[in-house]
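Structure at a glance
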Amino acid sequence: MMTTTAKINKALVVLSPDLIRPEQPMKSVLLQRAVSLAKVSGCQLELFHVCYDSGVEHQLFASDDEMDAEIKNLSDRDATLVAEIAMRLGQEGIDVCHDVHWDSPRTDAILRKIATSCPDIVMKQAREHSYVLGLTSNTDWELARRSPAHVWFVSAQKPEIKRIVAAVGSTMADVDDITTASDYELFQTADLLGKTFKAAIYPVNAYQVPDPMNYAVGAGGVVTPMGGPGVQNEKLREQLVERHTDAVNALASYFQIEADNVFVNEGNPNVVIPEVADEVSADMIVMGANSINRLERLIRSVTVEPVMADTDCDIVVVRDRDVSELGNVQSGKVVQGHPRYDIEEAIIRPASTFRSPREVAELDDVSHALRRRILQAWESDIRSTMVAENEGGPIQQIESVTLQDIQHAEALLAERASGEDDPSLSASA
């Protein structure tokens, strides 16, 4: 049977500060996952970075103009760094755009971007999580609960995706509706990711036996609530296992997943999902999440946060894509960063972008490899022009000292090299 695979047209890739350092290699797991998704699905990648330093906005002796100038400088610097990453991805044939905002708090800044960009999925590097009585909070959990788009938290602990756990129908809000339309969309998403990474999918369903005094098995084996004495626990368990297994197997069969990969286990989803993930050595968990606030977490069962805390897998949270769930997102002082120069233009026509080769060597907002490539392009342009002149072409009035300037800039660049050079760019030069 042919299945309908989820369609992802745009992925918003949230870059953390450690991913945009000038010498950061293009080997981050987050970017590798994003590139794989784009190549398989054909989606556009939008790189997004939140640039913010609270110390800048709380300087005691700085004027408003000085503070604004520093904010613009920092925003433009980071925008230039992100533009270089985008250029590299573009060289791999990826449809990519980028945006940098000076904004805070970080969670609200990302949610504001989601609201305006309308991505199908948000990709973010996962952070270590701890879970204490449902009270703790962080950006990952806030995004899992409040994002109107699916959210993919990428774990640096999993270099490859070979096994995917898809957690479906893990609640008993309606005993007659084990799997829902949301589970179908969850399977579609898991199916797309399985095709992207050629990974096996393991459907997981957690069921809990209700209080036997409140439920009974009626005609046709249907579990129904009742006010009087109930049936024995074992009989109820058998009926639940059969119904849950049949429902999950039917969904798995539709997506051509082998029955041997299906797990229907008794217990709390918070426990069952990590246990199965550990048993099959899963690299990714695809699951749903409810939109609840911190107070509601004290009185309602939640699953996504404990699972995120108890596993080192990638976590993909499949949402209902409802923008109204964003709630009240306060707007702060948002400043959009702009690259200081067009990086591709700088490579093609370096003499039109920079005043001197030394300026290139002293740049602090692009990688060592890119600076070297710009200098090489500059030297190549000069030598090509000199050859053309020697062959009778028009005189361009090139001073011989220019080549010497480039050689001095290359020597300066070599001295400034920190030993963290990224070979990925120079290899394509």
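Note that this is a predicted model, so its numbers are computed, not measured.

Criteria and cut-off values
- Residues numbered from 1 in each chain as written.
- Predicted model: local features only at pLDDT ≥ 70, side-chain atom pairs only at ≥ 80, totals over all residues.
- Heavy atoms only, no water.
- Helix = DSSP H or I, 4+ residues; strand = E, 2+ residues; numbered from the N terminus.
- Buried < 20%, exposed > 50% of the residue type's maximum accessible area, 1.4 Å probe, protein only.
- Contact = heavy atoms within 4.5 Å.
- Areas by Shrake-Rupley, 256 points an atom, 1.4 Å probe, with all protein chains shown as cover.
- Polar contact = N/O pair within 3.5 Å; in protein donor to acceptor, adjacent residues only side chain to side chain.
- Core = buried A, V, L, I, M, F, W, Y, C linked by side-chain atoms within 4.5 Å.
- Salt bridge = Lys/Arg side-chain N within 4 Å of Asp/Glu carboxyl O.
- Pairing = 2+ DSSP bridges.
- Axes fitted to C-alpha atoms, helices over the stretch in contact; angles between N-to-C directions.
- Left-handed = near helix turned anticlockwise from the far one by under 90°.
- Nonpolar A, V, L, I, M, F, W, Y, C, P; charged D, E, K, R; others polar.
- Phe/Tyr/Trp six-rings, centres within 6.5 Å; stacked < 30°, edge-to-face > 60°.
- pLDDT = per-residue confidence, 0-100.
- Expected span 1.5 Å × (residues − 1).

Assigned secondary structure in the protein chain consists of 15 helices and 13 strands. Buried positions account for 48% of the 429 residues belonging to the protein chain. Within the protein chain, contacts between residues at least 6 apart in sequence are counted, and of these 78% link residues at least 24 apart. If you sum the accessible surface of the protein chain, you get close to 20500 Å²; carbon and sulfur atoms cover 48% of it.

Now for the side chain of H150. Within the fold, H150 resides in strand β5 (residues 150–154). At 2.9 Å, the side chain of H150 and the backbone nitrogen of R319 are in polar contact.

Below, the discussion takes up the nonpolar core. Counting residues in hydrophobic clusters, the biggest one holds 61 residues, and the most contacted among them are L15, L37, L45, L47 and W152. V50, A144, V204 and M287 belong to the second largest nonpolar core, which has 36 residues in total.

Glancing now at the pattern of salt bridges. Here the structure, examined in full by the defined rule, presents 22 salt bridges. For K113, the salt bridge goes to E46, with nearest N and O atoms at 2.8 Å. Here K113, found in helix α3 (residues 106–117), pairs with E46, found in strand β2 (residues 44–51); they are 67 residues apart in sequence, far enough to count as distant. For the residue pair K113 and E46, the accessibility class agrees, reading buried in each case. With a shortest N-O distance of 2.8 Å, D191 and K195 are connected by a salt bridge. Separated by 4 residues within a single helix, D191 and K195 lie in helix α5 (residues 181–197), roughly one turn from each other.

Looking now at the sheet that holds strand β13 (residues 335–336). Across the sheet, 11 strands lie side by side as β10-β7-β6-β11-β12-β5-β4-β1-β2-β3-β13; this open sheet has mixed pairing. The open sheet has two edge strands, β10 (263–266) and β13, and neither has a second partner. Where strand β1 (residues 10–15) and strand β4 (residues 121–125) come together, 4 bridges link them in parallel fashion. Within the sheet, the bridge partner assigned to V14 lies in β4 and is K124. Where α5 meets the sheet, it contacts β5, β6 (163–167), β7 (200–207), β11 (284–288) and β12 (314–318), and its direction lies at approximately 175 degrees from that of β6.

Here α3 crosses helix α4 (residues 139–146) at 35 degrees, and the two axes come no closer than 10 Å. As α3 packs across α4, the resulting crossing turns out to be right-handed. Here α3 contributes T107, D108, I110, L111 and I114 to the contact with α4, which in turn contributes T139, E142, L143 and R146. Of the residues in the contact of α3 with α4, the class split is 4 nonpolar, 2 polar and 3 charged.

Under the counting rule described, the total for this entry stands at 7 aromatic pairs. Taking the centre distance of 5.1 Å and the plane angle of 55 degrees together, the rings of Y52 and W102 count as tilted. Here W102 lies in strand β3 (residues 96–102) and Y52 lies in the loop between β2 and α2 (64–91), a separation of 50 residues in the sequence. Looking at Y52, the relative accessible area reads 31%, which means it is partly exposed. W102 sits in the buried class, given a relative accessible area of 0%. Arranged with centres 5.5 Å apart and planes meeting at 50 degrees, the rings of Y184 and F255 form a pair that is tilted. With Y184 in helix α5 and F255 in the loop between α6 (233–254) and β10, this pair connects stretches of sequence that are 71 residues apart. You can call F255 buried: its relative accessible area is 4%.

With that out of the way, let us pick up the environment of L31. Within the fold, L31 resides in helix α1 (residues 29–41). A C-alpha to C-alpha distance of 9.6 Å links L31 and K124, two positions 93 residues apart in sequence.

Of the residues in the protein chain, 75% reach a pLDDT of 70 or more, and the chain-wide mean stands at 79. The low-confidence segment residues 227–231, where pLDDT is below 50, has 12 contacts with residues more than four positions distant or belonging to other chains.

Residue position: Q407 is located in helix α14 (residues 401–416). Taking the C-alpha atoms as reference points, Q407 and E379, 28 residues apart in sequence, are found 8.9 Å from one another.

With that settled, the discussion passes to the side chain of N261. Along the chain, N261 turns up in the loop between α6 and β10. The exposure class assigned to N261 is buried, which follows from its relative accessible area of 14%. One polar contact links the side chain of N261 to the main-chain carbonyl oxygen of I201, over a distance of 3.2 Å. Residue contacts for N261: discarding those within four places in its chain leaves A200, I201, Y202 and P203.

In this section: α5. Quick reminder: α-helices carry 3.6 residues per turn. Residues three or four places apart thus point the same way. When the terminal C-alpha atoms of α5 are compared, their 25 Å separation across 17 residues agrees well with the 24 Å that a helix rising 1.5 Å per residue should span. Across the 17 residues that make up α5, a large majority, 12, are buried. Looking only at α5, the buried set comprises D183, L186, F187, Q188, T189, A190, D191, L192, L193, G194, T196 and F197.

Attention now goes to the pairing of β5. In terms of burial, β5 is a largely internal element, 5 of the 5 residues being buried. Direction of pairing for β4 relative to β5: parallel, over a ladder of 5 bridges. Each residue of the ladder has a partner; that of I121, found in β5, is H150. In this structure, β5 lies alongside β12, joined through 3 bridges in antiparallel fashion. Paired with V151 across the two strands is V317, which belongs to β12.

What follows is about the environment of V360. Examined against the element boundaries, V360 turns out to sit in helix α12 (residues 357–361). Between the C-alpha atom of V360 and that of I374, which follows or precedes it by 14 residues, the distance is 7.5 Å. Those residues in contact with V360, other than ones at most four positions away along the chain, are F354, R371, I374, L375 and W378.

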